[in-house]
Structure formats: C-alpha cells, structure tokens
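Commentary on secondary and tertiary structure
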Amino acid sequence: SIEKRGSACSFGTDQVRSKLEPTIAMDSPSRCSFPDLRDVFPGCSSYEDLYNLSIKETDLFWGTLARMSLRWNRDFEHVSDCNMETGLFRWFLGGQLNVSVNCVDRHKEKDPDRVALIWEKDEPGQEERITYGQLYTMMNRMANVLKTHGVKKGDRVAIYMPACPLAVASMLACARIGAVHSVVFAGFSAEALASRIHDAEAKVVITADQGVRGGKLIELKKTVVAAVGSCPSVKAVFVAKRTGNLVVPSPLDVDLDEAMAKESGECEPAIMDSEDLLFMLYTSGSTGNPKGVVHSQAGYLLYASLTQRLVFDCKDGDIFGCVADIGWITGHSYVVYGPLANGVTTVLFESTPTYPDPGRYWETVQRLKINQFYAAPTAIRLLLKHGDEHVEKYDLGSLRTLGSVGEPINVEAWQWYNKVVGKEKCVVVDTWWQTETGGICISPRPSAPGAEIHPGMPMRPMYGIWPVIVGEKGEELKGNDVTGALCLKKPWPGMARTIYGAHSRFLETYYKPFRGFYFTGDGAIRHKDGYYQITGRMDDVINVTGHRLGTAEVENALGQHPSVAESAVVGYPCNDKGEGVYAYVTLKDGFLAGVKMETELRGIVRQKIAAYAVPDVIQICAGLPKTRSGKIMRRILRKVAADQSENLGDISTLADPAVVKDLIANHQAIK
Ligand code: 6R9
C-alpha cells in the first residue's frame, strides 16, 4: 500500500497510483534495463515534474522506487518517519531485506556469467574479471568464515584493504550475515586504524599481507598488527594474500585463503530490518576524533543505486569506472553498492593516476571500454599539468559520462576534462555530496537530456533533495542570487542515521546549527538562474586532495611531539591539492627550529594520521594570534597562509597585535 500524504502535487496522487499497477518490477526477469522514471510516474513528463513530485509526494516517490528497485523479504508498511528536531530518521519501516542478495544473488540468478567486478591491478594489463556467479561464492565463503569465527549480526568488522575483489566480498559478506563493516582507508597509520577499531569495538579485522600501489609495497598486515596490540576487542585478524611475500606471523592471524577454502559457497542471508545498521565509515569533523557515520540498509542502498544510474546514465551492460578507493564513501556508494545493486560491471582501481605514467586512467578506459568515469578534481588537475599527449594516445570512444567529486572543480580543470578527455561528447557531472549524505545530492544530472551544464558547479538537486541557503541568523534566504550556509530541508533515504555511539554529537553537528535543517558544513551560492555552486567548508575541516581532514586532528598529532607548545593548522589555496596543510607551531623553551625539527613534526603527523595529512608548510613562530579570551584567531592565520595579509579585517580583539607582524614577516621569509 502506497502511502498518501497531503496532495499538493499538481498531477495528483491517484493518477500516478493507478498507472503504477501494471509497471513491471525491475527485479522481474523480463526487464533487462532500467525503466525511465517518466514511465514509472506517468503524470510526470519532465525532470521538473519528477523533482516536484519527489518533494511534494516524498513517500509516494520513494516508496514506489523502493518496491520497484529492491528485492524485499517483507514489504514495508510505512515509507518514512523522520524528525529533524530529534534526529531520528527511519525509512521503509517494517520492511525486511538483505543487501547482499540485492547486490549479488538476483543478478547471479539471471546471468551468473555477467561480469560484476573488473579488478584493475596496479600493473596495467593484468586485470581480473569476477562474474556475479564467482562473487556469489566468494562472498558466501567469506560470510561463513566470519560466522565460524563467531561474528554475529550486529558485530562490527574492520576492513583494512585496498580495492580488490576480496575487499568487496568482505563488505558483502558482512551484509550477508548482518554484521556492520567499518572500512578503514588502507593509507591510514596504525594509530589512526587503532582508534577506529577501538571506537567501533570491532571483533575482527580483515586485511591483506601487503598492498601494491604505484609500484610500491604497502605493509598492510604489519600496520594491522601494530594497531590491534591496543585493541582488546579484536579476536582474529584475517590475512588475504595479495603479494604472497612472507609476513611476520602473529597470534591472531587467520590465513584467509585457507579458511575460505574450508567453507561452503552457500550462506543463508540474514533477514534484516530496513533500519538495521549496514556500515559505518569514519570521517573528519571540525573537532575531536573522526566520527563513525552510520548508514542503514534499505534507504542507503536505494539512494546509492538510484543516483548511480540516474546521475551517470548507467545502463545494463555498462562498465562503470569509479577510481575512488573503497576506504572512502565514494568507493562504498559508487564502486560497490550502487553499481552492484544495479547489476552493472564495476571497476576496482588499485593503482594511481600517474603509474606507470600520466596516461594510466586513459589507457585503462581504452582497454576496459569504460562507459562512465568518475574521479576527483585533484587527479584531473594533476593530469592536466602533464599535457594532452597522454590522453590523445588512447581511444576514449566508450566514454559517455565524466564525473567529478570530492571538492570544487575549477573551471580550467572542468574544461580540460570536457574537451581533452570527453572530446566535448560526454556529459560532465560535477557531483556534490558527503559521507553523511550516502549518495550524490547536487549534480547537473538527472535533468532533461541536453539540458545546459555550466562548468565548475553541481547545479541541480537530485530528486528528493531540497537545498536551501541559510543566513547567519539561521533564516532561509529565499530567492536567487544568495550566498550562505548550504542546508538540506527535507530528509532523503540515503541520509546518515547517527554517529556511532554519539547521537548527541550527531545532533550538535548537523541539526542544531540551523533549526529544522540538515547543515552540510559547506557554504554555497544559489545563482541568478537558481543553480547551486559550492564555495567550500565553513568549519575547520579542510579538503586535501579530495580527502576531508579536520585541522584539529593535525593539531593533536603535532601536540604529541615533545617540543610543541601550541599549534594551529589551517588550509591554504594550493593549485594541485585543492587545499594545502599549513601548520603554525610554537615551540617550548629549549627546543630549536630547523630542518630536523620540521622533519620530526611531519613524521609525527604521518605516524598518527596518514601521509595526506602531513603539513606542506610548517611555520615555527613566537606566538599565535589570540583574542583577549584566549581564542586563536584562525581567520588571521588563514589570511597570512593565503598571502592575503594586506586585508586582515578587524583585528581589534587581538590580545597582542605585535604577534601578527611577526607572523607576516616570518611567512614571507619561508615562502
Ligand atoms: C563524497 C565526498 C564531503 C565534502 C563536502 C564538500 C566537499 C565533495 C564536492 C565538494 C564541491 C563538489 N565536496 N564534493 N565540494 N564540489 N562536487 O567527497 O564525501 O569525503 O565526506 O567529503 O567534500 O566540502 O562537504 P566526503
């Protein structure tokens, strides 16, 4: 029964509903391609119609799509029950399903030989293809291994692996038995991994002997062993073979290949409630430790899969190439869950944009015949610098959609992507979204085919997404040509449900700043024509090579060096990386600034967090600019770092204005 809410909709609920009955469910074997939403909601003939329906008849819109696109064990009774005040969000209440069945079983039943994964290994030309039939067996074996080792529904499983079929099988195996996965980017240090394992109280860790990236070995298992030493919750460490090199054994090790060989390739899927936890993923905030953003089963899967096919125009038989690592949300939604729920072929990219040379992406596109390519602006800017010849060598005729994600894409990079890579024949989609939103929220598509696309902005809201621009006092700025905080006014199925073990922090961060809205942390402009452009983070989160980094995390790491009295970290504009990390440090008496000191400070950040967090600039200074109440004035530090010290704004609240003169002189000296 489809729910009916106040019918403000111009085309009327009944009209839509009566036409719904004969619609063929996507799950039925007779349909092999995705239906056009205009056929699903026949009262709608355009993007605008569908968008208006999604906003005005939210439950009808999402309820219809959920029934159509997912396989349910039990139908849901209510589409949504959401409250922006209490931060309680529930979708598809009463419904039951299994995410792994939706991502694997139903495609394997139709065609076990269809390719699910193409593992594009570090060395070009070594790719491996895994069919839906093979993925089914691999996932079930893995699920049985977890069960044999006592992992139960609701238990947390940490996965510390680069993009590879076993990593995907591990995520799906968790979903199969109802365990909650926490994938930790395999570039994080042992300490960063330990704090994530600890926060989640993970019962087991899945890893590989070593990783291979850009021709270099990465000591994965060694890092895990260093991490679990301080994590008493961990009962086993499963070690898959990637290189097969000998790694030092440790007491919790379980050889994953051996363990899987002993298990059956069939595993009964756990029947999950729509709102049971599917996974958590840690992301940086402006204060404190990274937070474990929680996503649940049905709403997340529906949102990831719908956006994957609508934004990218991904059809049955397409080869989808998202080059993000599975350790980030982009990897979760657009390498794993979205494409697999849609039954298409997804590429697992293990390498780097410049290995063995800056033509790597394009050589891969040609060889694998990729139809949709999805990457970060930082990589595009890097490749642009290396010159067009690396692109022009290859036949990129298979490409139809080019996507960008992670940070604002500057117009120059957008143009290059469009002209040199896309030959002006592809649709370029700058997609704005976040770990917390589960999937793409603002992007030029979906919209009418051929609808205008402006470079450098994500432009239009996805169905069901209602962006608003909010002013300093929390008031919604109506009309166009306005700038302020980007908020979302309406719940959507893919939204995060909580921060693991910290619901009050969830409320404080996202729902308290502007009452009645989800606050994204980003600033945005709604232009004259109504299109959205993102201006960047409004909080103390910076965006380095498309990775979110809390400046407080870097300060905490620096503070652990015995010499550091105080530090303040800010982002500064940096052509290649988007933002660079700029650290101002004051030393305790008796310590000397110098190259050795800087090397140590960089080392400690690498050790506590990861290589991408290492400061590009370290400025040792005599003092930090503070207000009389002792607050560091970061605004000043940002200006100095950005070479804009001529317009510092109001500095009347500074306790000691002399500090600023020093800072500027010092900054100019190290430039
Ligand atoms: C998917 C992802 C989220 C933050 C977000 C914003 C920035 C992402 C963007 C973008 C401008 C885009 N961001 N996409 N800014 N244009 N197309 O990146 O998730 O790692 O959680 O980062 O990234 O600042 O708030 P996540």
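These numbers were taken from a predicted model, which means no experiment stands behind them.

Quick look at the overall build of the chain
Within the chain, the secondary structure is distributed over 21 helices and 30 strands. Taking 26 Å as the expected radius of gyration for a compact globule of 671 residues, we find that the chain reaches 25 Å, a close match to that expectation. Projected onto its principal axes, the C-alpha positions of the chain cover 75 × 65 × 55 Å. Burial statistics for the chain: of 671 residues in total, 60% are counted as buried. Considering only contacts in the chain between residues 6 or more positions apart, those separated by 24 or more positions represent 71%.

As for the pairing of strand β18 (residues 372-375)
Side chains of β18 alternate between two faces, with Gln 372 and Tyr 374 and Phe 373 and Ala 375 buried alike. Pairing analysis gives three bridges linking strand β16 (residues 319-322) to β18, with the strands arranged parallel. Considered in β18, the bridge of Gly 321 is made with Phe 373. Bridging between β18 and strand β19 (residues 401-405) involves four bridges; their strand directions are parallel. Bridging across to β19, Tyr 374 finds its partner in Gly 403.

Focus: the UniProt feature "domain: Acetyl-coenzyme A synthetase N-terminal" (unreviewed entry) in the chain
Within this structure's numbering, the places UniProt gives as "domain: Acetyl-coenzyme A synthetase N-terminal" (unreviewed entry) are residues 47-103. When the span residues 47-103 is considered, its composition is 47% helix and 25% strand, and the gap between its end C-alpha atoms is 27 Å.

Quick notes on the pattern of salt bridges
Tallying each qualifying case throughout the model produces 36 salt bridges. Here Arg 400 makes a salt bridge to Asp 318, at a shortest N to O gap of 2.8 Å. Of this pair, Arg 400 sits in the loop between α15 (389-392) and β19 while Asp 318 is found in the loop between α11 (297-312) and β16, placing the two residues 82 residues apart along the sequence. With a relative accessible area of 7%, Asp 318 lands in the buried category. A salt bridge links Arg 381 to Glu 407; the shortest N-O distance between them is 3.2 Å. With Arg 381 in helix α14 (residues 377-386) and Glu 407 in the loop between β19 and α16 (411-421), the pair connects residues that are 26 residues apart, well separated along the chain. The class for Arg 381 is buried, based on a relative accessible area of 9%.

Description of the site of the ligand
Neighbouring residues of the ligand: 17 residues in total, closest Asp 430, Thr 431, Thr 435, Asp 522 and Arg 548. In the environment of the ligand, an oxygen atom lies 2.7 Å from a nitrogen or oxygen atom belonging to the side chain of Asp 522. Of all the secondary-structure elements, those providing two or more residues to the shell around the ligand are α12 (329-341), β20 (427-431) and β25 (532-537). For the shell around the ligand, the class distribution of residues is six nonpolar, six polar and five charged.

Let's talk about unusual backbone geometry
Excluding glycine, a negative phi dihedral is what most residues carry, and trans is how most peptide bonds are arranged. A cis amide bond links Tyr 355 with the next residue in sequence, Pro 356, at an omega value of -5°. Tracing the backbone through its elements, the reader meets Pro 356 in the loop between β17 (345-349) and α13 (360-368). Here the amide bond leading from Arg 445 into Pro 446 is cis, since omega sits at 5°, within 30 degrees of zero. Mapped onto the elements of the fold, Pro 446 is located in the loop between β20 and β21 (467-470). The backbone phi angle of Lys 423 is positive, close to 50°, even though this residue is not glycine. On the basis of relative accessibility, which here comes to 39%, the residue Lys 423 falls in the partly exposed class. Phi is positive for Glu 424, which is not a glycine, with a value near 60°. Tracing the chain through its elements places Glu 424 in the loop between α16 and β20.

Observations concerning the side chain of Ser 296
Position of Ser 296 among the secondary structure elements: in strand β15 (residues 291-296). Judged by relative accessible area, Ser 296 falls into the buried class, the value being 1%. Separated by 2.9 Å, the side chains of Ser 296 and Glu 275 make a polar contact. A distance of 3.2 Å separates polar atoms of two side chains, one belonging to Ser 296 and the other to Arg 497.

Observations concerning the sheet that holds β15
Spatial strand order, β12-β11-β8-β6-β7-β14-β15-β23: eight strands in an open sheet with mixed pairing. Each edge of the open sheet carries a strand with a single partner, namely β12 (253-255) and β23 (498-499). Strand direction decides the pairing type here: strand β6 (residues 156-160) and strand β7 (residues 180-183), joined by four bridges, are parallel. Residue Ile 159 lies in a different strand from β7, and its bridge partner there is Val 183.

Here we look at the packing of α11 against α12
At a minimum axis separation of 8 Å, α11 and α12 run at an interaxial angle of 90°. Here α11 lies roughly perpendicular to α12, going by the angle between them. Touching Tyr 300, Leu 301, Ala 304, Ser 305, Thr 307, Gln 308 and Phe 312 of α11 are His 332, Ser 333, Tyr 334, Tyr 337, Gly 338, Pro 339 and Ala 341, all from α12. Tallied by class, the residues present in the contact of α11 with α12 amount to eight nonpolar, six polar and no charged.

Observations regarding the pairing of strand β26 (residues 541-544)
With burial as the criterion, each face of β26 is covered, one bearing Val 541 and Asn 543 and the other bearing Ile 542 and Val 544. Taken together, the four bridges between β26 and strand β27 (residues 547-550) define a ladder with antiparallel strand orientation. Each residue of the ladder has a partner; that of Asn 543, found in β27, is Arg 548. The loop that links β26 with its antiparallel partner β27 comprises two residues; one of these, Thr 545, has a positive phi angle of about 45°.

Some thoughts on the nonpolar core
A general tendency of soluble globular proteins is for nonpolar side chains to be buried together. Within the largest apolar cluster, 168 residues are counted, with the highest numbers of intra-cluster contacts made by Trp 62, Phe 92, Leu 146, Tyr 337 and Leu 340. With ten residues, the top contributor of residues to this core is helix α7 (residues 165-177). Those residues in contact with Phe 92, other than ones at most four positions away along the chain, are Trp 62, Gly 63, Ala 66, Trp 72, Phe 76, His 78, Val 79, Ser 274, Ala 298, Gly 299, Leu 302 and Pro 493. Listed in part, the 30 residues of the second largest apolar core include Leu 399, Trp 416, Val 421 and Val 428.

A short note on the state of the cysteines
Following the criterion strictly, the structure yields zero disulfides and no others. Left unpaired, Cys 164 is separated from the closest cysteine sulfur, that of Cys 174, by 14 Å. No disulfide involves Cys 322; its nearest neighbouring cysteine sulfur is the one of Cys 314, lying 12 Å away. Using a relative accessible area of 1% as the deciding quantity, one classes Cys 322 as buried.

Quick notes on the rules
- Residues numbered from 1 in each chain as written.
- Predicted model: local features only at pLDDT ≥ 70, side-chain atom pairs only at ≥ 80, totals over all residues.
- Heavy atoms only, no water.
- Helix = DSSP H or I, 4+ residues; strand = E, 2+ residues; numbered from the N terminus.
- Rg over C-alpha atoms; globule rule 2.2 N^0.38 Å.
- Buried < 20%, exposed > 50% of the residue type's maximum accessible area, 1.4 Å probe, protein only.
- Contact = heavy atoms within 4.5 Å.
- Pairing = 2+ DSSP bridges.
- UniProt positions renumbered as here; feature names shortened; annotations may be inferred.
- Salt bridge = Lys/Arg side-chain N within 4 Å of Asp/Glu carboxyl O.
- Near = heavy atom within 4 Å.
- Polar contact = N/O pair within 3.5 Å; in protein donor to acceptor, adjacent residues only side chain to side chain.
- Nonpolar A, V, L, I, M, F, W, Y, C, P; charged D, E, K, R; others polar.
- Axes fitted to C-alpha atoms, helices over the stretch in contact; angles between N-to-C directions.
- Parallel < 35°, antiparallel > 145°, perpendicular 65-115°, else oblique.
- Core = buried A, V, L, I, M, F, W, Y, C linked by side-chain atoms within 4.5 Å.
- Disulfide = S-S within 2.5 Å.

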